[in-house]
Amino acid sequence: MDPVNEHLEIADLIAKHFNGRQTAHEAAELEAWINAAADHQRLWEQLNDDAKLREQMLAMPDTGSTGDAWRRLQPRLVAERPRPHIAYRVFLYAAAIAGMLLGAGGLVYLMLHRPDNAAPAAVAEVNAPAATPDVHSRSKARLILGNGKVIALKNEEEQTFTEEDGTRITTSGTLLSYSPGSAAAAPVYNTLEIPRGGEYKVMLPDSSVVWMNAASSLRFLTRFNGNRREVDLSGEAYFEVAENKSKPFIVNINNISITVTGTQFNIKGYPDEPYINTTLVEGGVELRTTVHPGAKPVLLRPGYQAVWADSRMTVKEAYLEEALAWKNGLFVFRSEPVGSIMRKLSRWYDVEVKYPDTSLSNIRFTGTIRKYASIQQVLKMLALTQKVTFRMDDKRVTVLKADNQ
């Protein structure tokens, strides 16, 4: 058997293992392969460690094309839909096998979501060298002081300001931080605004740290007086809240209020999205809505996500890799409609998106793409699925039906 076919057979056995569809004979074959060489054992350990596997996937160099191999493997990968809690792992092992067994890198695996009786999904692979993340070029923001003065934050130099209440504000690299002034002076509100195509981080007066995504804003006091710490958010942010049980931390976004004492969580609530997602990583949060003031608050546990949509709150198990992808320099799509994907790309690359055929916005993709790649690279990856194509004129992207459709 040639090496490529052998690798495809092993990939098929691994797919069946993670899908729970493996026979006793196939399990024995896989175990024999794992024990046959130290390299196989190391690969197997990586396939069962999401963090190592993600690192391997992101580090893969560009060494060649695996299109033919993937087209042969893909129908078997998607013949049986994986259960939700293993879908992400199935994607990751596919990328790792491409890099470690087939010897090719720079690959992005994109799969069209399909009903059980639909045609097999499409696989897209890209051989262009991966873009080097350039966090600093994206780290841009503007700060609105209490008197209305607007300051453009620069990441290439340290800046220092003093607010009217004596608070010392400094920027260092990509971080904005606060050192409270005299307790006798009344605190003032500051607003940190992140433009489309930007990102920034702020350390609040209580030492809580907030990562801000593109097209987002955060309004907060220069000093948290009284018995609560309260901020107003628009857009998306990841919070690491400094613990203080006597002074709860409250995030207000639209008509939702999230209360914590010390925890890590992500909130996404853009004005152009039909929902507000709160994803809890660590600790605990309590969610209330002003729409139903008498309703019982929703308590969220780590690893779960609260979704506010259509004036009601639902709780479900979270896919943390997807929810936190933006903070980790990735786009992760899990059966996500083109419309939602293009809204993300629009905010990050500061482009306008048009649909001559609005039905195209409902096509779904699964995959992972580096966030710091150029928009041309990202669109090329999506177009390789042969379901949609794109025309770009300056800062306008038009989504079109692929010629073969």
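Placed above this text is the structure.
Remember, predicted model here, so these are calculated numbers, not experimental data.

Quick word on the overall build of the protein
Check the secondary structure of the protein and you find ten helices and 24 strands. Burial status across the protein gives 48% buried among its 405 residues. Long-range contacts, defined here as pairs at least 24 residues apart, represent 55% of the contacts in the protein between residues at least 6 apart. Total accessible area on the protein stands at roughly 18800 Å², and carbon and sulfur atoms take up 48% of it.

Observations concerning the pairing of strand 14 (residues 264-269)
Every other side chain in a regular strand lies on the same face of the sheet, so the side chains alternate between the two faces. Here strand 14 lies mainly inside the structure; five of its six residues are buried. Bridging between strand 11 (residues 229-240) and strand 14 involves six bridges; their strand directions are antiparallel. Considered in strand 14, the bridge of Gly235 is made with Gly269. For strand 14 and strand 15 (residues 276-282), the ladder comprises five bridges, and the chain directions are antiparallel. Across the sheet, residue Ile267 finds its bridge partner in strand 15, namely Thr278. Here strand 14 hands over to strand 15 after six residues, the two strands then running antiparallel side by side.

Topic: the environment of Leu345
Within the secondary structure, Leu345 sits in helix 9 (residues 338-349). Exposure remark for Leu345: the relative accessible area of 0% places this residue in the buried category. With 30 residues separating them along the chain, Leu345 and Ile375 place their C-alpha atoms 7.7 Å apart. With near-sequence residues (within four places) excluded, Leu345 lies in contact with Phe331, Asp350, Val351, Val378, Leu379 and Leu382.

Details of the pairing of strand 3 (residues 150-153)
Residue alternation in strand 3 divides its side chains into a buried set, Ile151 and Leu153, and an unburied set, Val150 and Ala152. As paired elements, strand 2 (residues 141-144) and strand 3 share four bridges and run antiparallel to each other. Each bridged residue has a counterpart across the sheet, and for Arg142 the counterpart in strand 3 is Ala152. Between strand 2 and strand 3, which follow one another and run antiparallel, lie five residues, and Gly148 among them has a positive phi close to 90°.

Regarding the environment of Glu29
Summarising the element assignment, Glu29 is placed in helix 2 (residues 24-35). Given the relative accessible area of 39%, Glu29 is considered partly exposed. Here the alpha-carbon distance between Glu29 and Ile10, two residues 19 residues apart in the chain, equals 8.8 Å.

A look at the packing of aromatic side chains
On inspection of all chains with the given rule, the structure shows seven aromatic pairs. On the numbers, 5.2 Å between centres and 85° between planes, the contact of Tyr178 with Phe220 is edge-to-face. In this pair, Tyr178 sits in strand 6 (residues 175-179) while Phe220 sits in strand 10 (residues 216-221), placing the two residues 42 residues apart along the sequence. Here Phe220 falls in the buried class, since its relative accessible area comes to 0%. On the basis of an interplanar angle of 20° and a centroid distance of 6.1 Å, the ring pair of Phe331 and Phe333 is categorised as stacked. The same class applies to Phe331 and to Phe333, which are both buried.

Some thoughts on helix 9
Here helix 9 spans 16 Å end to end across twelve residues, near enough to the 16 Å set by a 1.5 Å rise per residue. Most of helix 9 is tucked away, with eleven of its twelve residues classed as buried. Two residues or fewer after helix 9 comes Asp350, characterised by a positive phi angle close to 55°.

Here's the deal with the pattern of salt bridges
Enumeration over the complete set of coordinates arrives at 18 salt bridges. Put simply, Asp232 and Arg219 hold a salt bridge, and the shortest N to O gap is 3.5 Å. In this pair, Asp232 sits in strand 11 while Arg219 sits in strand 10, placing the two residues 13 residues apart along the sequence. Judged by its relative accessible area of 28%, Asp232 falls in the partly exposed class. In this structure, the salt-bridge partner of Lys395 is Asp350, at a minimum N-O distance of 2.9 Å.

Re the sheet that holds strand 24 (residues 396-401)
With respect to topology, three strands assemble into an open sheet ordered 21-24-23, the strand pairing being mixed. Strand pairing shows two members of the sheet lacking a second neighbour, strand 21 (352-354) and strand 23 (388-393), which therefore form its edges. With strand direction ignored, the average angle separating the axes of adjacent strands in the sheet is 25°. One ladder, built from six bridges, connects strand 23 with strand 24; its direction is antiparallel. The residue bridging Asp393 from the neighbouring strand is Arg396, located in strand 24. Those strands touched by helix 9 are strand 21, strand 23 and strand 24, and its axis lies near 160° from that of strand 24. Against the sheet, helix 10 (residues 375-383) touches strand 23 and strand 24, its axis set at about 155° to strand 23.

The rules behind each value
- All chains use their own residue numbering, which begins from 1 and follows the written sequence.
- pLDDT decides what is reported in this predicted model: residues at 70 or higher carry local features, side-chain atom pairs at 80 or more are listed and counted, and totals for whole chains, interfaces and linings draw on all residues regardless.
- As a convention, hydrogens and water are excluded, and side-chain values are obtained from all of the structure's heavy atoms.
- Secondary structure counts use DSSP, requiring at least four H or I residues in a row for a helix and at least two E residues in a row for a strand, with both numbered from the N terminus.
- Partly exposed residues are those whose accessible area sits between 20% and 50% of the maximum for their type, while under 20% is buried and over 50% is exposed, using a 1.4 Å probe and protein chains only.
- A contact between two residues is defined here by any heavy atoms of the two lying within 4.5 Å.
- Per-residue and other accessible areas follow the Shrake-Rupley method at a 1.4 Å probe size, with only the shown protein chains counted as cover for residues.
- The pairing criterion for strands is at least two bridges between them, as found by DSSP.
- Between the rings of Phe, Tyr and Trp (Trp by its six-membered ring), a pair exists once the centres lie within 6.5 Å; its type follows the angle of the planes, with under 30 degrees stacked, over 60 edge-to-face, and the other angles tilted.
- Multiply 1.5 Å by the residue count of a helix minus one, and that product is the helix's expected span.
- Salt bridges, as used here, are contacts in which a Lys or Arg side-chain nitrogen is within 4 Å of a carboxyl oxygen on Asp or Glu.
- Axis lines are fitted through C-alpha atoms, for helices just across the contact stretch, and the angle between N-to-C directions can take any value from 0 to 180 degrees.

Scope: geometric values only; no functional claims are made or implied.
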